[in-house]
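# Observations on the model geometry
In case you want the letters, here they are:
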Amino acid sequence: MNTSEKLSQLRTWMEKVGIDACLVPSADAHMSEYVGEYWKSRQWISGFTGSAGTAVIAREDAGLWTDGRYFIQAANQLEGSGIRLFKMGELGVPGHEEWLAEILPQGGCLAVDGRSLSVSAFNKLSALLADKSVSIRTDLDPVGAVWKDRPAIPGDKLYLHEAVYAGKTRTEKLAEVRKAMKARHANFYLLPVLDEICWLFNIRGNDIPHNPYVTSYAVIGENEAYLFVDPHKVDEAERKLLAEDGVQLQAYGQIYAFLAKLDSGDSILLDPEKTNAGLYRSISASARKILSEGLVTPLKAIKNEVEIPNIRDSYIKDAVALVKLFKWLKDTVPHQAVTEIDADLKGLEFRKELPLFVDLSFSTISAYGDHAAMMHYRALPDFQYTLKSEGFYLLDSGSHFLNGTTDITRTLALGNLTEEQKKDFTLVLKSVIALSTAKFLYGTTGSHLDVLARKPMWDKGLDYKCGTGHGVGYFSNVHEEPHRFNQKLLNVRLEPGMTITVEPGVYKEGRHGIRTENTLLVIRDETTEFGSFLRFETLCFLPIDRNAIDPALLSPFELDWINEYHQQVYDKLSVHLDDAHKEWLKQETAKL
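Residues numbered from 1 in each chain as written. Predicted model: local features only at pLDDT ≥ 70, side-chain atom pairs only at ≥ 80, totals over all residues. Heavy atoms only, no water.

For the rest of this paragraph, the subject is the domain arrangement of the chain. Here the domain parsing of the chain yields domain 1 (3-145), domain 2 (159-300) and domain 3 (306-564). Domain 2 puts 16 residues into the contact, and the matching count from domain 3 is 20 residues. Overall, the association of domain 2 and domain 3 removes approximately 1500 Å² of surface from exposure, summing both partners, and the carbon and sulfur fraction of that is 51%. Per-residue buried area on domain 2 facing domain 3 is highest for Y165, H210 and K300; these three make up 44% of the total on that side. Between domain 2 and domain 3 we count two salt bridges in total. Counting across the interface, domain 2 meets domain 3 through 12 residue pairs in polar contact (both at pLDDT 80 or more). Looking at the side of domain 2 that touches domain 3, the elements that each hand over two or more residues are α6 (163-166), α8 (194-201) and α12 (296-301). For the side of domain 2 that touches domain 3, the class distribution of residues is seven nonpolar, five polar and four charged. (Domains from an automatic or database assignment. Contact = heavy atoms within 4.5 Å. Buried area = accessible area lost by both parts, 1.4 Å probe. Salt bridge = Lys/Arg side-chain N within 4 Å of Asp/Glu carboxyl O. Polar contact = N/O pair within 3.5 Å; in protein donor to acceptor, adjacent residues only side chain to side chain. Helix = DSSP H or I, 4+ residues; strand = E, 2+ residues; numbered from the N terminus. Nonpolar A, V, L, I, M, F, W, Y, C, P; charged D, E, K, R; others polar.)

Structural data, given as structure tokens:
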């Protein structure tokens with residue numbers, strides 16, 4: 001079925017059930033950024049494959065909302081589908097809630113799978129639709145009603161993430177959570193978020209591609225912890241070890257009955273941004289609900305004394321694989337056909353040789369030429385370029401190791417470049433340097449610092465329609481909350497031990513895309529009479545293509561930075577390379 005046929009079937013169902021519009025978010029029941037195949041309802045109904053977006057299907061109209069990372073991709077994939085693109089954040093573009101408030105009739109009915117809508121989103125939607133007395137049905141699965149060959153939820157086994165890598169035992173982590181619960185006068189804490197469950201219990205799984213998660217829910221009590229997971233996913237040895245640490249296992253679907261049995265003496269804490277409306281609806285009416293930010297998120301974001309050196313090791317390992325790939329590309333592209341997918345697979349081949357490697361940390365963005373102008377482009381067998389000995393090739397990729405997660409982007413010059421290309425590449429480098437070298441007062445947020453990366457571009461009339469960086473998990477989600485570099489106001493302090501990417505870019509539709517991405521560690525700098533100051537340690541050491549840099553555009557400080565950085569790249573990586581790769585690296589890190 002094509003998208004038009006799917007919309008037709010959904011609208012037939014809507015008419016039969018008495019629904020005026022359907023809201024189709026991207027999330028799963030755990031508010032995940034990346035979801036398993038079973039939960040890709042928005043992708044299935046719209047044809048848009050980006051990771052972020054919301055679809056609304058009305059009787060006579062349809063729209064899809066996504067952010068600046070996906071404008072070009074969404075426009076291409078929605079063409080001819082009957083679904084209009086709404087570019088989030090653009091002047092005069094309504095949000096999907098406002099659009100629904102405008103198009104729905106008085107007394108109308110909106111359907112949304114309550115498992116894929118957060119409590120906060122439901123409350124916001126309800127408030128905006130109240131004037132029209134619109135009813136919202138969260139007990140239906142609109143897309144599921146017409147998606148007949150929907151994949152099943154994976155049944156892979158979970159496995160334990162040993163404390164030698166995690167740095168803390170699950171009992172230590174549970175004690176930290178219970179301390180936070182006590183401070184908020186809660187005797188239960190509802191935890192539906194997969195990356196946080198896996199971190200807290202030191203477990204991992206394979207239920208979502210490139211995300212080592214186990215489909216599960218958790219409830220933490222004052223003296224016990226409950227993990228709701230399908231029984232067949234847990235072998236007896238793991239079951240015994242979890243039980244020894246006070247973790248009781250119950251079937252995945254039993255979470256609803258558990259919540260319904262809470263009584264008037266219970267207080268349950270939950271994060272309305274991360275708890276789905278269906279779960280919330282199942283909580284006993286007599287129990288006191290404490291709506292609060294999640295307790296695990298800030299604990300998980302600050303890396304411990306075992307995790308930090310492991311992360312450094314992971315970035316060195318990953319850089320070694322990428323040096324091998326980049327040499328192979330520059331040696332091979334002039335002489336034989338190499339497609340975007342070929343380059344991606346060759347990188348995976350080198351990574352599989354690395355110790356403790358588990359998987360890629362996300363679907364690789366392997367983009368040549370103007371494909372790189374689509375920030376989250378994905379090459380497909382029937383939609384990809386063959387690399388040529390000219391212009392730019394962008395690779396945004398990463399690895400999961402048992403001892404860390406990486407996220408690295410480099411843009412390679414495969415041959416001759418235009419003056420515009422070299423200028424844009426150098427501006428991106430200037431932005432990376434500006435933010436990487438920041439020194440800032442404790443209490444500063446990523447929103448305060450974001451402008452440092454944008455200023456070199458703004459000075460030349462350029463910008464990028466996305467954030468500048470995000471947190472990175474530890475053998476976990478490549479996009480970790482709660483901190484990030486972004487223009488949007490975010491009241492989250494940068495704390496020592498947080499890791500965060502810096503990845504400014506220039507994206508010119510039909511021409512080229514350029515991005516350079518390093519990962520930084522927040523560390524202490526000094527304390528003076530004016531307060532405590534922090535700075536960043538760079539974790540990623542990989543050549544930034546010197547053939548694309550225009551040294552005339554760099555200040556003496558910036559020129560010193562790139563030369564010193566490249567010296568560190570050579571010193572740290574050369575000891576892991578054979579003579580041929582060592583010589584190549586020496587040339588790629590030569591002083592400008």
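Right, let's talk about the sheet that holds strand β14 (residues 288-291) for a bit. The strand order across the open sheet built from six strands is β12-β11-β10-β8-β13-β14, with neighbouring strands paired in mixed fashion. Among the strands making up the open sheet, the edge pair consists of β12 (247-250) and β14. Neighbouring strand axes in the sheet, compared pairwise and without regard to direction, differ in orientation by 20° on average. Pairing between strand β10 (residues 217-221) and strand β11 (residues 225-228): four bridges, direction antiparallel. Its bridge partner being in β11, V219 is matched across the sheet by Y226. On top of the sheet, α8 reaches β8 (188-191), β10, β11 and β12; it is set at about 50° to β10, its chief contact. (Pairing = 2+ DSSP bridges. Axes fitted to C-alpha atoms, helices over the stretch in contact; angles between N-to-C directions.)

Okay, the side chain of K233 next. Within the secondary structure layout, K233 lies in the loop between β11 and α9 (236-244). Given the relative accessible area of 2%, K233 is considered buried. Only 2.7 Å separates the side chain of K233 from the backbone oxygen of D156, close enough to count as a polar contact. Side-chain polar atoms of K233 contact the side chain of D207, separated by 3.0 Å. Here K233 is in contact with P154, G155, D156, K157, L158, D207, V214 and T215, once residues within four sequence places are set aside. (Buried < 20%, exposed > 50% of the residue type's maximum accessible area, 1.4 Å probe, protein only.)

For the coordinates displayed, the defined rule picks out 18 aromatic pairs. Relative to W39, the ring of Y38 has its centre 5.0 Å away and its plane inclined at 80°; by these criteria the two rings are edge-to-face. Like Y38, the residue W39 is buried in the burial classification. Ring centres of Y377 and F383 lie 6.1 Å apart, and the angle between their planes is 50°; on these two criteria the pair is classed as tilted. On the accessibility criterion, Y377 (2% relative accessible area) is buried. (Phe/Tyr/Trp six-rings, centres within 6.5 Å; stacked < 30°, edge-to-face > 60°.)

Our next topic: the sheet that holds strand β17 (residues 392-397). A sheet is described by the order of its strands in space; here three strands give the open sequence β16-β17-β20, paired in antiparallel fashion. Of all strands in the sheet, those bounded by a partner on one side alone are β16 (365-368) and β20 (408-413). Taken over all neighbouring pairs, the strand axes of this sheet differ in orientation by 10° on average, direction set aside. Inspection of the sheet shows β17 paired to β20 by six bridges, in the antiparallel sense. In the sheet register, Y393 faces β20, and the bridge partner there is L412.

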